[in-house]
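Residue strings, one per chain:
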Amino acid sequence: MRLLTYYKNTVINDEEWKHLAAFEETLVFYMSSNNLLSIVNNLLNAGADKIIPFIVVEQATTTHQRVHSFTLQSFLNIEQQNFISPSIVIMGRVAKLYKEFAWFKNEQPSTKTFFRSVEEETGYLKIKSFIQQKNNEHADRTKASII
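Treat the numbers as computed from the prediction; the structure is a model and nothing was measured.

Student: A description of the sheet that holds strand β5 (residues 87-91) should follow, citing residues and the corresponding values.
Tutor: Two pairing modes exist for strands in a sheet, parallel and antiparallel, and in both the strands are linked by backbone hydrogen bonds. Reading across the sheet, the five strands line up as β1-β2-β5-β3-β4 and stay open at both edges, with mixed pairing between neighbours. With one partner strand each, in any of the chains shown, β1 (2-4) and β4 (66-71) form the two edges of the open sheet. Strand-to-strand twist across the sheet, computed as the mean angle between neighbouring axes with direction ignored, equals 20 degrees. The strands that helix α2 (residues 36-45) touches are β2 (27-30), β3 (53-58) and β5; relative to β5, the one it contacts most, it runs at about 15 degrees.

The following block contains the structure:
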């Protein structure tokens, strides 16, 4: 098994794509679902078999988990696909086993997120920091007026 991430075209060179496209091992891409089309195209251009299966697991191990199953070719035939982060991509023969061993069923389509986004978290932290700052200023003014 190879654990990889892919966020820009210069991360993996052409020779390495050829090695990955042989699928001698399972490929697991983390933090890469936004670049999945590029990953699939690079693998196919490097000689990967079009019927190689893969799954995308959105929000794994949470109550909002969703699993999407593809082959390299079938992924190219769908319209734009957006996945909820965090997502993990598992490619290779092991992905065929998903349906047999699926312990968590995709009951209903869900666009809910289990985790707060970076933007939400950052905004929350900014507000919390601002409130703390104002409380500290107020406490300092209160101390100064008492002394």
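Student: Which residues make up the pattern of salt bridges, and what values do they have?
Tutor: Evaluation of the coordinates by the stated rule reveals two salt bridges. Between Glu-16 and Arg-2 there is a salt bridge, with the nearest N and O atoms lying 2.8 Å from each other. Of the two residues, Glu-16 sits in helix α1 (residues 14-21) while Arg-2 sits in strand β1, which places them 14 residues apart along the sequence. By relative accessible area, which is 25% here, Glu-16 ends up partly exposed. For Arg-2, a relative accessible area of 23% corresponds to the partly exposed category. Each of the salt bridges in this network shares a partner with another, and the network as a whole consists of Arg-2, Glu-16 and Glu-25.

Student: Describe the nonpolar core, and please don't skip the residues or the numbers.
Tutor: Core analysis: the biggest nonpolar cluster contains 24 residues, and Phe-29, Leu-36, Leu-43, Phe-54, Leu-72 and Met-91 have the highest contact counts within it. For this core, the secondary-structure elements that each account for two or more residues are α1, β2, α2, β3, α3 (72-76) and β5. The element that contributes the greatest number of residues to this core is α2, accounting for five residues. The contact partners of Phe-29, leaving out residues within four places of it in the chain, are Leu-4, Thr-5, Tyr-6, Ile-12, Ile-39, Ser-87, Ile-88, Val-89 and Met-91. One finds Ile-55, Val-57, Val-67 and Ala-102 within the second-largest nonpolar core, a separate group that totals six residues.

Student: Could you give an account of the side chain of Ser-87, naming the residues involved and the relevant values?
Tutor: Mapping Ser-87 onto the fold places it in strand β5. Of the residues examined, Ser-87 reaches a relative accessible area of 8% and is grouped as buried. A distance of 2.6 Å separates a polar side-chain atom of Ser-87 from the backbone oxygen of Ile-84. Sequence-distant contacts of Ser-87, defined by excluding residues within four places in its chain, comprise Phe-29, Tyr-30, Met-31, Ser-33, Val-56, Val-57 and Glu-58.

Student: Summarise the packing of α1 against α2; cite the residues concerned and give the values.
Tutor: Between α1 and α2, the least distance of the axes is 8 Å, while the angle of their chain directions is 85 degrees. Looking at the two axes, α1 sits roughly perpendicular to α2. In this structure, α1 uses Trp-17, Leu-20 and Ala-21 to contact α2, whose residues at the interface are Ile-39, Asn-42 and Leu-43. The class makeup of the residues in the contact of α1 with α2 is five nonpolar, one polar and no charged.

Student: Which residues make up the packing of aromatic side chains, and what values go with them?
Tutor: For the structure shown, the criterion picks out five aromatic pairs. Three or more aromatic residues link up through ring pairs in this structure, and these residues are Phe-54, Phe-70, Phe-75 and Phe-83.

Student: Account for the pairing of β3, with residues named and values stated.
Tutor: Burial runs high along β3: six of the six residues are buried. The alternating pattern of β3 places Pro-53, Ile-55 and Val-57 and Phe-54, Val-56 and Glu-58 on opposite faces, both of which are buried. In this sheet, β4 lies alongside β3 in antiparallel orientation, the contact comprising six bridges. If you follow Pro-53 over to β4, its bridge partner there is Thr-71. Bridge count for β3 against β5 is five bridges, and the pairing is antiparallel. In the strand pairing of β5, Phe-54 is matched with Met-91.

Rules used in this analysis
- Residues numbered from 1 in each chain as written.
- Predicted model: local features only at pLDDT ≥ 70, side-chain atom pairs only at ≥ 80, totals over all residues.
- Heavy atoms only, no water.
- Pairing = 2+ DSSP bridges.
- Helix = DSSP H or I, 4+ residues; strand = E, 2+ residues; numbered from the N terminus.
- Axes fitted to C-alpha atoms, helices over the stretch in contact; angles between N-to-C directions.
- Contact = heavy atoms within 4.5 Å.
- Salt bridge = Lys/Arg side-chain N within 4 Å of Asp/Glu carboxyl O.
- Buried < 20%, exposed > 50% of the residue type's maximum accessible area, 1.4 Å probe, protein only.
- Core = buried A, V, L, I, M, F, W, Y, C linked by side-chain atoms within 4.5 Å.
- Polar contact = N/O pair within 3.5 Å; in protein donor to acceptor, adjacent residues only side chain to side chain.
- Parallel < 35°, antiparallel > 145°, perpendicular 65-115°, else oblique.
- Nonpolar A, V, L, I, M, F, W, Y, C, P; charged D, E, K, R; others polar.
- Phe/Tyr/Trp six-rings, centres within 6.5 Å; stacked < 30°, edge-to-face > 60°.

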